[in-house]
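For reference, the chains in residue letters:
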Amino acid sequence: MKKSSNGSSKVSAADDPDPPAKDVRVCTGVHGLDGLLGGGFPVGSFILLSGTCGTGKSIMGMQFLYEGAEKGEPGVYLSMEEEPDRLIYDMSGFSWDLRKHMDEGRLVIAKPEIYESDAIKRMIVDSVERIGAKRLVIDSFTLLSSYLEHPFDVRKMVFDLSREIKKLNCTALAISDVQEGTHSYSTNGFEEFVADGVVVLSLTQASATGAYTRTLLVRKMRATQHSLKLMPFKIEKGGLKLYPEAELFG
Ligand SMILES: Nc1ncnc2c1ncn2[C@@H]1O[C@H](COP(=O)(O)OP(=O)(O)O)[C@@H](O)[C@H]1O
Ligand SMILES: [Mg+2]
């Protein structure tokens, strides 16, 4: 950990002592997104998946894990609020056989019983280690961070988790629930600076018609040359599908 000139302690994912030696990517699961990210998310990255309610964050999180499980890469979904059965029910509209992957040890949906930050952190690391998970979704990081009292503790939590998952070669999506009308990508106002990447899901309104379109923006992605275009997407039978070439309100 660094001390800044004014004496305050700082933690940052950039302090990572063991950056990956080569550029390895993990597919996102979102149809049409990998090609825009040079193959997917950088392996070992801590990605903030940010958006207001109903924008598709939980679906994208599960899609990321489902895609991995199909490829033989185990994943852990930390559900801070929803019961696992309820989550499986909500996802039943998609053609994903989650139960099969759970039964065969490629998917764990974990819900904490003790809402204490160190216990949850341990639970995450234990679940990841137990099944050799290469993917992790925290739904939501907003709720997880609400169990921490001080902003510094949240920052440390991001740093610690980020370091742990890198060590395990695991890539994490931390879901950030943002309030309608705010301009921040995170709950605490700094997670986006510490994270390796920020993907924002929104409902964008056409000024002419008032109609809403689902949009995805890659706001930040370490080591990646990416577009800053607001791209329309749909939630279809197979999950999120991006239409990067489509006119936003076409
Ligand atoms: N089977 C489905 N097919 C198409 N759209 C769906 C389906 N299930 C949910 N949705 C859409 O996704 C939204 C919920 O997505 P979700 O990922 O739970 O949002 P968030 O986690 O961002 O709050 C719903 O409001 C609905 O518009
Ligand atoms: Mg959700």
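This one's a predicted model, so the numbers in the text were calculated from it and none came from an experiment. (Residues numbered from 1 in each chain as written. Chains lettered and ligands numbered in written order. Predicted model: local features only at pLDDT ≥ 70, side-chain atom pairs only at ≥ 80, totals over all residues.)

Draft legend 1. Representation of the overall build of the chain in the model. Scanning the chain for helices and strands turns up seven helices and 13 strands. The C-alpha radius of gyration of the chain comes to 18 Å, within 12% of the 18 Å expected for a compact globule of 250 residues. Projected onto its principal axes, the C-alpha coordinates of the chain cover approximately 50 × 45 × 35 Å. The proportion of buried residues among the 250 residues of the chain is 39%. The contacts in the chain between residues at least 6 apart in sequence include a share of 68% that link residues at least 24 apart. (Helix = DSSP H or I, 4+ residues; strand = E, 2+ residues; numbered from the N terminus. Rg over C-alpha atoms; globule rule 2.2 N^0.38 Å. Buried ≥ 20, exposed ≤ 12 C-beta atoms within 10 Å, placed from the backbone. Contact = placed C-beta atoms within 7 Å.)

Draft legend 2. Quick peek at the pairing of strand 6 (residues 75-79). Most of strand 6 is tucked away, with five of its five residues classed as buried. Residues Gly 75, Tyr 77 and Ser 79 point to one face of strand 6 and Val 76 and Leu 78 to the other, with burial holding for every one of them. Where strand 6 lies against strand 7 (residues 107-110), four bridges are found, and the strand directions are parallel. By the bridge assignment, Leu 78 is partnered in strand 7 with Ala 110. Taken together, the five bridges between strand 6 and strand 8 (residues 135-139) define a ladder with parallel strand orientation. If you follow Ser 79 over to strand 8, its bridge partner there is Asp 139. (Pairing = 2+ DSSP bridges.)

Draft legend 3. Quick peek at unusual backbone geometry. Cis geometry is found at the peptide bond from Asp 139 to Ser 140, where omega equals 5 degrees. The residue Ser 140 is located in the loop between strand 8 and helix 5 (141-145) in this model. Although it is not a glycine, Asn 169 sits at a positive phi angle of roughly 60 degrees. Even without being a glycine, Ala 223 presents a positive backbone phi close to 60 degrees. Mapped onto the elements of the fold, Ala 223 is located in the loop between strand 11 (212-221) and strand 12 (231-236).

Draft legend 4. Geometry of the site of ligand 1. Around ligand 1 sit Gly 51, Cys 53, Gly 54, Thr 55, Gly 56, Lys 57, Ser 58, Ile 59, Gly 93, Phe 94 and Ile 235, and that is every residue in its neighbourhood. Among the elements that line the shell around ligand 1, the one with the most residues is helix 1 (residues 57-70), at three residues. Across the shell around ligand 1, the residue classes break down as four nonpolar, six polar and one charged. (Near = placed C-beta within 6 Å. Nonpolar A, V, L, I, M, F, W, Y, C, P; charged D, E, K, R; others polar.)

Draft legend 5. Region of interest: the sheet that holds strand 13 (residues 239-242). Pairing within the open sheet is mixed, and its nine strands lie in the order 7-6-8-9-5-10-11-12-13. The two strands at the open ends of the sheet, each matched to only one other strand, are strand 7 and strand 13. Pairwise comparison of adjacent strand axes, ignoring direction, gives a mean angle of 25 degrees for this sheet. Lying on the sheet, helix 1 is in contact with strand 5 (46-51), strand 6, strand 7, strand 8, strand 9 (171-177), strand 10 (197-205), strand 12 and strand 13; it crosses strand 8 at an angle near 160 degrees. Against the sheet, helix 4 (residues 117-131) touches strand 6, strand 7 and strand 8, its axis set at about 165 degrees to strand 7. (Axes fitted to C-alpha atoms, helices over the stretch in contact; angles between N-to-C directions.)

Draft legend 6. Structural context of the nonpolar core. Counting residues in hydrophobic clusters, the biggest one holds 58 residues, and the most contacted among them are Ile 47, Leu 136, Ile 138, Ala 172 and Ala 174. The element that contributes the greatest number of residues to this core is helix 1, accounting for six residues. Beyond its immediate stretch of four places on either side in the chain, Ile 47 contacts Phe 41, Ala 172, Leu 173, Ala 174, Ala 195, Asp 196, Gly 197 and Val 199. (Core = buried A, V, L, I, M, F, W, Y, C linked by C-beta atoms within 7 Å.)

Draft legend 7. Molecular detail of the confidence of the model for the chain. For the chain, the mean per-residue pLDDT works out to 90, and 91% of the residues sit at or above 70. Predicted confidence for residues 1-14 stays below pLDDT 50, and this span has 16 contacts to residues more than four positions away or in other chains. (pLDDT = per-residue confidence, 0-100.)

Draft legend 8. Geometry of helix 4. Here helix 4 is 15 residues long and its end C-alpha atoms lie 22 Å apart, about the 21 Å a rise of 1.5 Å per residue gives. Of the residues making up helix 4, those classed as buried are Ile 120, Ile 124 and Val 128. Down the axis of helix 4, the sector holding all buried residues measures 70 degrees, keeping them to one side. In helix 4, the exposed positions that point more than 90 degrees away from the buried face belong to Asp 118 and Asp 126. The inward-facing, buried residues of helix 4 abut strand 6, strand 8, helix 5 and helix 6 (151-167). Phi turns positive, to about 65 degrees, at Gly 132, one or two residues after helix 4. (Expected span 1.5 Å × (residues − 1). Arc of directions from axis to C-beta.)

Draft legend 9. Molecular detail of the environment of Ile 165. Mapped onto the elements of the fold, Ile 165 is located in helix 6. Between the C-alpha atoms of Ile 165 and Val 43, which are 122 residues apart in sequence, the distance is 9.8 Å. In this structure Ile 165 touches Gly 44, Phe 46, Val 128, Leu 136, Cys 170 and Ala 172, once residues within four positions along its chain are discounted.

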